[in-house]
Amino acid sequence: MKSTSSHISHFTSHIQHITMSILIKNGRVITATDDYVADVYIEGEIIKAIGANLKIQADQEIDAKGKLVMPGGIDPHVHLDMPFMGTYSSDNYETGTRAALFGGTTTVIDFILQTQGKSLQSALQEWKGRSDNNAVGDYSFHMAVTDFNEETKKEIQHFIEVEGITSFKTFMAYKGALMIDDRQMVGLMQEVKKHGGLINVHATNGDMIDFLIAKHKSEGKLSPLYHYLSQPEVTEAEASSRFADLADYTGCPGYIVHLTCEGALNAVRFATRRNQHVFVETCIQYLILDASLYEQNFEGAKWVMSPPLREKKDQETLWAGLNQGLVNVVATDHCPFMWEQKLMGKDDFSKIPNGHPAIENRMELLFSEGVNKGRITLNKYVEVASTNAAKIFGMFPKKGTIAIGSDADIVIFDPNEKHTLSAKTHHMNVDYSGYEGWEVKGKVKTVLLRGQVVIDNNECKVSKGYGQFVKRNKVAGKI
Ligand code: URP
Ligand code: ZN
Ligand code: ZN
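Just so it is clear, the structure is predicted and the values come from calculations on it, not from any experiment. Within every chain, residues take consecutive numbers counted from 1 along the sequence as written. Chains and ligands are labelled by the order in which they are written, letters from A for the one and numbers from 1 for the other. For a predicted model such as this one, the threshold for reporting local features is a pLDDT of at least 70, and the threshold for listing and counting side-chain atom pairs is 80 or more; totals across whole chains, interfaces and linings nevertheless cover every residue. The basis for every side-chain value is the complete set of heavy atoms in the structure, and neither hydrogens nor water enter the calculation.

Caption draft 1: The arrangement of the packing of aromatic side chains in detail. Aromatic pairs are defined between Phe, Tyr and Trp rings, using the six-membered ring for Trp, whenever the two ring centres lie within 6.5 Å; interplanar angles under 30 degrees are classed as stacked, those over 60 as edge-to-face, and all others as tilted. Counted by the stated rule, this structure contains 13 aromatic pairs. Consider the rings of Phe367 and Phe413, whose centres lie 4.6 Å apart with planes at 55°: the pair is tilted. One end of the pair, Phe367, is in helix H13 (residues 362–371); the other, Phe413, is in strand S16 (residues 410–420), with 46 residues separating them in the sequence. With respect to burial, Phe367 and Phe413 carry one shared label: buried. Pairwise contacts between aromatic rings join Tyr93, Tyr139, Phe141 and Phe469 into one cluster. Consider the ring centre and the ring normal. A charge sits over the ring if Lys NZ or Arg CZ is within 6 Å of that centre and within 35 degrees of that normal. Positioned above the aromatic ring of Phe396, the side-chain terminus of Lys391 is 5.0 Å from the ring centre. Helix numbering and strand numbering both begin at the N terminus, where a helix is a DSSP run of H or I of at least 4 residues and a strand a DSSP run of E of at least 2. Three exposure classes are used, based on accessible area relative to the maximum for each residue type with a 1.4 Å probe and protein chains only: buried under 20%, partly exposed in between, and exposed over 50%.

Caption draft 2: Inspection of the packing of helix H3 (residues 120–131) against helix H4 (residues 150–163) at higher detail. With their axes 9 Å apart at the nearest point, H3 and H4 run at an angle of 45° to one another. Of the possible angle classes, the one that applies to H3 and H4 is oblique. Taking contact as the criterion, the partners of Leu120, Gln121, Leu124 and Lys128 in H3 are, on H4, Thr152, Glu155, Ile156, His158, Phe159 and Glu163. Residue composition of the contact of H3 with H4, by class: four nonpolar, three polar and three charged. Here, axes are lines fitted to C-alpha atoms. For helices the fit covers the stretch in contact, and angles between N-to-C directions go from 0 to 180 degrees. Here the word oblique covers every angle except those under 35 degrees (roughly parallel), over 145 (roughly antiparallel) and from 65 to 115 (roughly perpendicular). Residues count as neighbours in contact if any of their non-hydrogen atoms are within 4.5 Å of one another. Each residue is assigned to one class: nonpolar for Ala, Val, Leu, Ile, Met, Phe, Trp, Tyr, Cys and Pro, charged for Asp, Glu, Lys and Arg, and polar for all the others, Gly among them.

Caption draft 3: Molecular detail of the pattern of salt bridges. In what follows, salt bridge is the name for a side-chain nitrogen of Lys or Arg lying within 4 Å of a carboxyl oxygen of Asp or Glu. Scanning the model with the defined rule gives 34 salt bridges in all. For Arg28, the salt bridge is made with Asp35, and the minimal N-O distance between the two is 2.7 Å. Using a relative accessible area of 37% as the deciding quantity, one classes Asp35 as partly exposed. Note that Arg274 and Asp248 form a salt bridge whose closest N and O atoms lie 3.5 Å from each other. Within this pair, whereas Arg274 is found in the loop between helix H9 (262–272) and strand S14 (278–283), its partner Asp248 is found in helix H8 (residues 233–250), the two being separated by 26 residues in sequence. Given the relative accessible area of 36%, Arg274 is considered partly exposed. Overlapping salt bridges, with partners in common, bring together Glu45, Asp138, Lys398, Lys399, Asp407, Asp409 and Arg450 in one network.

Caption draft 4: Region of the structure containing the side chain of Gln315. Tracing the backbone through its elements, the reader meets Gln315 in helix H11 (residues 312–324). Apart from residues lying up to four places away in sequence, Gln315 is in contact with Tyr286, Leu287, Ile288, Leu289 and Asp290.

Caption draft 5: The arrangement of the site of ligand 1 in detail. If you check the shell around ligand 1, you find His77, His79, Phe84, Tyr174, His202, His258, Met305, Ser306, Asp333, Cys335, Asn354 and Gly355 and nothing else. Under this definition, polar contacts are N or O atom pairs within 3.5 Å; protein pairs additionally need one hydrogen-donor-capable and one acceptor-capable atom, and for neighbouring residues in sequence, both atoms have to be side-chain atoms. Between ligand 1 and the protein, one listed contact pairs an oxygen atom with a side-chain N or O atom of His202 at 3.1 Å. Contacts to ligand 1 include Gly355, whose backbone N or O atom sits 3.4 Å from an oxygen atom. When at least one non-hydrogen atom of a residue lies within 4 Å of a molecule or strand, that residue is treated as near it.

Caption draft 6: Summary view of the coordination of the zinc ion (ligand 3). Surrounding the zinc ion (ligand 3) are the protein donor atoms His77 (NE2), His79 (NE2) and Asp333 (OD), which sit 2.0 to 2.1 Å from the metal. Donor atoms: N, O and S within 2.8 Å of the metal, or within 3.2 Å for Na, K and Ca. Because water is excluded, sites can look incomplete. Tetrahedral means four donors with every angle between 85 and 135 degrees, whereas square planar (four donors) and octahedral (six donors) require angles over 155 degrees between opposite donors and between 65 and 115 for all others; sites fitting neither are termed irregular. Geometry at the zinc ion (ligand 3) is irregular, judged from the four donor atoms that bind it and their angles of 84 to 134° at the metal. Here the donor residues for the zinc ion (ligand 3) map to a single chain with the spacing H-x1-H-x253-D. The distance between the zinc ion (ligand 3) and the zinc ion (ligand 2) is 3.8 Å. Note that His77 is positioned in strand S6 (residues 73–78) and Asp333 in the loop between strand S15 (329–331) and helix H12 (339–342), a separation of 256 residues in sequence.

Caption draft 7: Inspection of the coordination of the zinc ion (ligand 2) at higher detail. Every protein donor of the zinc ion (ligand 2) is accounted for by His202 (ND1) and His258 (NE2), and the metal-donor separations fall at 2.1 Å. Geometry at the zinc ion (ligand 2) is irregular, judged from the four donor atoms that bind it and their angles of 56 to 151° at the metal.

Caption draft 8: Molecular detail of the side chain of Ser90. Within the fold, Ser90 resides in the loop between strand S8 (87–88) and helix H2 (93–102). Note on Ser90: relative accessible area 13%, which makes it buried. For Ser90, the residues in contact, after removing those within four places along its chain, are Thr95, Pro336, Phe337, Met338, Gln341, Asn429 and Val430.

Caption draft 9: Local environment of the pairing of strand S5 (residues 68–71). In this sheet, S5 lies alongside strand S1 (residues 21–30) in parallel orientation, the contact comprising two bridges. If you follow Arg28 over to S5, its bridge partner there is Leu68. A pair of strands counts as paired when DSSP detects no fewer than two bridges linking them. Bridge count for S5 against S16 is four bridges, and the pairing is antiparallel. In the sheet register, Met70 faces S16, and the bridge partner there is Val411.

Caption draft 10: Looking closely at the pairing of S14. Here S14 lies mainly inside the structure; six of its six residues are buried. Alternating positions in S14 separate into two faces, Val278, Val280 and Thr282 on one and Phe279, Glu281 and Cys283 on the other, with burial throughout. Here strand S13 (residues 254–256) pairs with S14 via three bridges, running parallel. Within S14, the position partnered with Gly254 by the bridge is Val278.

Function cannot be read off these values alone, since they describe shape.
If you want it as structure tokens, here you go:
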């Protein structure tokens, strides 16, 4: 049977448990290293053949002529249904992973937060209660260790070897709820290294930030602008440098999440002089938005996130960092809150729930601002939007590439189609967009996840429960 992508929908809903085959014809296949025109043949969940003019009869054919055929995006930094600052992030596993699929992201990694005084296992059970059977797209977890002690230490090996959760998040800020001190950090690093895991870090100096927040509040400076002014570049540069030193001392692989600025990237640059490898993630917002958005009244709360948006010079540093191989991943730190939730801080910036929505916009914005504006190549785009995250977090080559034997997680992308981002049309469960009215060139047309067409013609073809938990392997210290 033959069909074009727009005629797929009427039977995809019946095929979830039957082995189907799909032939994607004549697309321009882009991986982190390759760029060629070919057909891609998929059987069940897996890519079985790639080649020019494949003569294989498939259940479905999708014509991808003139389109890019790329690995599904991987966003390794999202917060779904997360209890935070007295409320919950507004996308749950269903709405968040579905919105991710609409935007070409087929796998996300979410953060479990340990409650201080409780075990890692009890946090995992709590998160499973929210995620099990609810995800539409594939997902995995990082485990945030907020209380490292003799009991927590005993749980690390089990998480890596049994649960397939191989990365452990640490916070150097948010004192009282999430932050650990350097003593705990070194202890955790030693244990994680021993068992083949990796430490993620929110690298900002929490004590210094708390000092500045208290100072601004005591002076009656309460608008969102003071969120930004309470987290100057030095707070991030200092913590990034300290983290790199501790990782070097312990030999533990380290990954700095949401790095925003020149000072912090220079700390990493310095670490590479001693041949230390520290992985770096930035997020799409830090590449394309800047702190001038805080120079308005409460509207600026839409972009209250930690670290805050920075300066134009930092954007230049981050784009250059991608091309220099110092910045390895572009994620989102998707942590959406409804406007009503943001209003919790209308009289006090320190009570505005921190975070912004982007899970659906990352791939298209990075393409439009990065590839279409000539800042990064197509191969670099795939590398930082998908492949590197798969490699760093132990999912490669199952995820993150188009290769024989890999999961058929594929985005068929029109590099020229223009459209406008808006809360009126997005699928994230949030009533505003951080990118309202933004003109984007490049559009996700069809998305496959494990061999199933999940998005086609602006429609989602699967429902909650389709998304699977991805158990991850021990991690590589280098990519
Ligand atoms: O503002 C942010 N980033 N919110 C989510 C929590 C975190 O720090 O990643
Ligand atoms: Zn963070
Ligand atoms: Zn985050």
